[in-house]
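Each chain, written out:
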Amino acid sequence: NIYIQTYNTKMAGRVIGALIDLKVSDDYIMKFLKSVQETASLDDLIFHTMKRKRIDLLEPILYTRELEGANDTATNNGIVLLAAISNKENAEKILNENQYYDHKFVGKMLAKVDHRLSLIAFVKGNCVNEILELKNESEKEDKKDHPDDIDDLLSIEINDQSKIEQDILQYFISIAENEKLSDSQ
């Protein structure tokens, strides 16, 4: 604990991940988080807790930072991911309304949990390559695990956009698909 706080705060996320993996009590993990929250990388803490589906451990830190008026990307990434993982009814609303999160990062983290929410983040951020990756990944996966067809999800998201945004998005998708075809030839 003292070593991480004093000499190597960059390791805090990994240490939290290891503590979670070792099934250390939440009370101990929370004490450790409180001791490093000012010096550790929030992005790293988010990554390692999200990887283990325990981002809820960061809830007090994230909401305190939000109440203090933090508009940084890391705080907003955490808030959006926390809303999505907690199955809050307003996850879609937060994804659509929050303008401060990193769409690519959040979309990739959500791709492991909920393709639909991942797609919302990618579409909002105009992450065309990531949309195509998600589509390809979905096609490779067993339909029993993910019964939602990504094409249906994509059409729902595109239909929610204005006509101009639809045309732009379709244009970029066709370019990306053509580039993939020419690369494979």
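Above this note sits the structure.
Residues numbered from 1 in each chain as written. Predicted model: local features only at pLDDT ≥ 70, side-chain atom pairs only at ≥ 80, totals over all residues. Heavy atoms only, no water.

Engineer: Which parts of the structure should I look at to understand the nonpolar core?
Structural biologist: Across soluble globular proteins, you tend to see nonpolar side chains buried next to one another. In terms of nonpolar packing, the biggest core is built from 33 residues, with Leu-33, Leu-58, Leu-81, Leu-95 and Val-106 touching the most fellow members. Mapped by element, the contributors of at least two residues to this core are helix H2 (12-21), helix H3 (26-36), helix H4 (42-51), helix H5 (59-67), helix H6 (73-85), helix H7 (91-97), helix H8 (103-111) and helix H9 (115-124). Sorting elements by how many residues they give to this core places H6 first, with six residues. Leaving out residues up to four positions away in the same chain, Leu-58 has contacts with Leu-33, Leu-45, Ile-46 and Thr-49. Counting seven residues, the second-largest nonpolar core is a separate cluster that includes Ala-111, Phe-122, Cys-127 and Leu-134. (Core = buried A, V, L, I, M, F, W, Y, C linked by side-chain atoms within 4.5 Å. Buried < 20%, exposed > 50% of the residue type's maximum accessible area, 1.4 Å probe, protein only. Helix = DSSP H or I, 4+ residues; strand = E, 2+ residues; numbered from the N terminus. Contact = heavy atoms within 4.5 Å.)

Engineer: Explain H9 to me, please; I cannot follow it from the model alone.
Structural biologist: Given 3.6 residues per turn, any residue in an α-helix points the same way as the ones three and four places further on. Taking burial as the measure, the ten residues of H9 include eight buried ones, the bulk of the element. Inspection of H9 places His-115, Leu-117, Ser-118, Leu-119, Ile-120, Ala-121, Phe-122 and Val-123 among the buried residues, and these make up the whole buried set. Following H9 by one or two positions, Asn-126 has its phi on the positive side, about 55°.

Engineer: Where do I start with the environment of Glu-59 in this structure?
Structural biologist: When you line up the elements, Glu-59 lands in helix H5. Glu-59 sits 20 residues away from Ile-79 along the chain, and the two C-alpha atoms are 7.9 Å apart.

Without other data, these values stay purely geometric and don't point to any function.
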